[in-house]
Amino acid sequence: MHLTRERLDALTERFGCPLYLFEEAAFLENARRLEQAMQSYYGKYRIAYSFKTNYTPYICRSVQEIGAYAEVVSGMEYELAKRIGFSDGEILFNGPCKGEAGEAAFLSGSMLQVDSLDELARLCALAGEHPAQQFRIGLRVNIDVGQGFVSRFGLDEAGLAQAFRMVSPVPNLTVIGLHCHISRCRSQAAWRARMETMLALADRFFDGPPAYLNLGSGMFGSMEPALASQFDHVPDYEDYALATAALMTEHYRGQEGPWLITEPGTTLVSRYVDCISRVQAIKTVRGRHFAVLDTGIHVLGETCTLKQLPVRVVSGGRPQQRYDAIDLTGYTCLEQDVMFRAFSGQLAVGDYVIFGNVGGYSNVLKPPFIQPNCAMAAHTDRDDYVLMKRAETGEDLLRTYVF
Ligand SMILES: Cc1ncc(COP(=O)(O)O)c(C=O)c1O
């Protein structure tokens, strides 16, 4: 979407600045591309959108429109999913600490993916207290595909064997699927290893195919070339489908295979939210150039501190000057609040600076630090703009304190 100065003036006049802007049509097209790539190799594939990545209700509702499930990890996210209209059968409840909400979701028929034997012991007891009801769960497994660290999540093979022993005497509780998720391990080879390991575990622990195999997430999503060029190699959805869905077809040839699920979060949403900001001041200090913007690292999310986000500048009308290396810095009082180091290009006070790829772990992780967060708008697939979240006020942040 080409944002002209006139359009930016109108948007910021209407919604305020800075402003998160969600591109709905492109987001939906990306989700469908992932789905189609996987389904072209294995028909029984489904997305479970990772709510925590960006639980803006408007975005979650868009996900629901394409028939995806909701992947939630807390009572708050579970309630949100229900409020949006996901049925319990469409909710996967993950996380190491599900609390009472997890038990309520279990009793209502959501699919809990159990992280520990202690959690499982409580569910076995709960099932025992409700003998007339049938319960189904998944187990999160802890696998090693060469990620180079020991994850704290899920059950290793010994834990898995113990889990099946615990469930077998409970007549109304059945393990119907396996789940894994591995972060910081996005290569095609790692995904192939993940799939192969899950298939081997399914063969070992189930009599026949389970109801589902859930591979979690940690794929590279679609990215602008400026960002993709900062990684060694970025597989596309076709590559991931070849490493996973194609193996499912092969493995379950001639049988009714399990559902294959993945839980994309950043993979789906990161590229499709921009942050529109404005230059408030430009200064040169001891020979170094700094632009002060009305947004910051907490608004954009951590990625801006690890990589250089795609950045576009749109003139606000004042005469610009060329800078070869100017740091784009934020509104906080933190030295490390630098959103882009050594930017080179034309810049003036009043210019719009649009940061791309800020859809994941941004608004949901923004702390109440120094300033309330800005508004969020969606550019809808009907080419109009609607408010997704109003700007927070100081009162929103202070209301839980006792005066
Ligand atoms: C269990 C689980 N599923 C899905 C996700 C989303 O992964 P991504 O943002 O890589 O798509 C995460 C992220 O940490 C996760 O922990």
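Residues numbered from 1 in each chain as written. Predicted model: local features only at pLDDT ≥ 70, side-chain atom pairs only at ≥ 80, totals over all residues. Heavy atoms only, no water.

**Quick word on the overall build of the protein**
If you tally the helices and strands in the protein, you get 15 helices and 17 strands. On C-alpha atoms alone, the protein measures out to a radius of gyration of 23 Å, which is about the 22 Å that the 2.2 N^0.38 rule sets for 403 residues. Considering the protein as a whole, with its 403 residues, one finds that 51% of them fall into the buried category. In the protein, 69% of the contacts between residues at least 6 apart in sequence involve partners at least 24 apart. Accessible area of the protein: about 18,300 Å², with a carbon and sulfur share of 50%. Of the side chains in the protein, 38 bear a positive and 47 a negative charge, and the two mean positions are spaced by 4 Å. (Helix = DSSP H or I, 4+ residues; strand = E, 2+ residues; numbered from the N terminus. Rg over C-alpha atoms; globule rule 2.2 N^0.38 Å. Buried < 20%, exposed > 50% of the residue type's maximum accessible area, 1.4 Å probe, protein only. Contact = heavy atoms within 4.5 Å. Areas by Shrake-Rupley, 256 points an atom, 1.4 Å probe, with all protein chains shown as cover. Lys, Arg positive; Asp, Glu negative; His and termini not counted. Charge placed at Lys NZ, Arg CZ, Asp CG, Glu CD.)

**Some remarks on the site of the ligand**
Inspection of the region around the ligand gives 15 residues, with S217, E263, G265, T266 and T267 positioned closest. One nitrogen or oxygen atom from the main chain of G218 is found 3.2 Å from an oxygen atom belonging to the ligand. A distance of 2.8 Å separates an oxygen atom of the ligand from a polar atom in the side chain of T267. Among the residues making up the shell around the ligand, the classes are represented as 2 nonpolar, 8 polar and 5 charged. (Near = heavy atom within 4 Å. Polar contact = N/O pair within 3.5 Å; in protein donor to acceptor, adjacent residues only side chain to side chain. Nonpolar A, V, L, I, M, F, W, Y, C, P; charged D, E, K, R; others polar.)

**Considerations on the sheet that holds strand 7 (residues 173–179)**
Taken in spatial order, the 8 strands of this closed barrel run 2-3-4-5-6-7-8-9, and their pairing is parallel. With direction set aside, neighbouring strand axes in the sheet form an average angle of 30 degrees. When strand 4 (residues 91–93) meets strand 5 (residues 111–114), the two strands line up parallel, connected through 2 bridges. Pairing of F93 across the sheet is with L112, part of strand 5. Along the sheet, helix 6 (residues 117–129) makes contact with strand 5, strand 6 (135–140) and strand 7, crossing strand 5 at roughly 140 degrees. (Pairing = 2+ DSSP bridges. Axes fitted to C-alpha atoms, helices over the stretch in contact; angles between N-to-C directions.)

**Points about the nonpolar core**
Counting residues in hydrophobic clusters, the biggest one holds 107 residues, and the most contacted among them are F51, I137, L139 and F355. The element best represented in this core is helix 8 (residues 188–205), accounting for 8 residues. Here this core gathers at least three residues from each of two domains, domain 1 (5–20 + 271–393) and domain 2 (25–269). Not counting residues up to four positions away in its chain, the partners in contact with L139 are V114, L155, L160, A163, F164, V175, G177, L178 and H179. In terms of nonpolar packing, the next biggest core, distinct from the first, is built from 13 residues, L8, L11, L21 and I354 among them. (Core = buried A, V, L, I, M, F, W, Y, C linked by side-chain atoms within 4.5 Å. Domains from an automatic or database assignment.)

**Observations regarding helix 4 (residues 75–84)**
Listed as buried for helix 4 are G75, E77, Y78, L80, A81 and I84. If you follow the buried residues of helix 4, they end up packed against helix 3 (57–65), strand 3 (69–72), strand 4 and helix 5 (99–108). Looking one or two places after helix 4, you find G85, whose phi comes out positive at around 120 degrees.

**Concerning the pattern of salt bridges**
Enumeration according to the criterion identifies 17 salt bridges in this entry. In this structure, E196 and R192 form a salt bridge, with 3.2 Å as the shortest nitrogen-oxygen distance. Taken as a pair, E196 and R192 lie in helix 8 at a separation of 4 residues, close to a single helical turn. For E196, a relative accessible area of 40% translates into the label partly exposed. When the shortest N-O distance is used, the salt bridge between R399 and D396 registers 3.5 Å. Salt bridges sharing partners connect three or more residues here, namely D381, R382 and D384. (Salt bridge = Lys/Arg side-chain N within 4 Å of Asp/Glu carboxyl O.)

**Description of the packing of aromatic side chains**
Under the defined criterion, the tally for this structure stands at 12 aromatic pairs. Residues F106 and F135 carry aromatic rings whose centres are separated by 4.5 Å and whose planes lie at 15 degrees to one another, so their mutual orientation is stacked. Of this pair, F106 sits in helix 5 while F135 sits in strand 6, placing them 29 residues apart in sequence. Members of the aromatic cluster, connected to one another through ring pairs, are F22, F27, Y58 and Y272. It is R184 that lies over the ring of F149; its NZ or CZ is 4.6 Å from the centre. (Phe/Tyr/Trp six-rings, centres within 6.5 Å; stacked < 30°, edge-to-face > 60°. Lys NZ or Arg CZ within 6 Å of the ring centre and 35° of its normal.)

**A word on the domain arrangement of the protein**
Each assigned domain of the protein is listed with its residue range as follows: domain 1 (5–20 + 271–393) and domain 2 (25–269). One C-alpha centre belongs to domain 1, the other to domain 2; they are set 34 Å apart. Across the boundary between the two partners, domain 1 contributes 18 residues, which contact 22 residues of domain 2. Of all residues in domain 1, R271, Y272 and Y361 give up the largest surface area on contact with domain 2, accounting jointly for 34% of the area buried on that side. The interface formed by domain 1 and domain 2 contains 0 salt bridges. Where domain 1 touches domain 2, the interface holds 11 residue pairs in polar contact (both at pLDDT 80 or more). At the level of elements, strand 16 (375–379) and strand 17 (385–389) are the ones that each hand at least two residues to the side of domain 1 that touches domain 2. (Buried area = accessible area lost by both parts, 1.4 Å probe.)

**As for the pairing of strand 3**
Each regular strand carries side chains that alternate between the two faces of the sheet. Burial of strand 3 is two-sided: the residues Y69 and E71 facing one way and the residues A70 and V72 facing the other way are all buried. Taking the sense of rotation as the criterion, the β-α-β connection linking strand 2 (residues 45–50), helix 3 and strand 3 turns out right-handed. Summarising the sheet, strand 3 and strand 4 pair through 3 bridges and their orientation is parallel. Bridge pairing in strand 4 places A70 opposite I91. At this point the chain moves from strand 3, through helix 4, to the parallel strand 4, and the crossover so formed is right-handed. (Right-handed = clockwise from strand over helix to strand, strands pointing away.)

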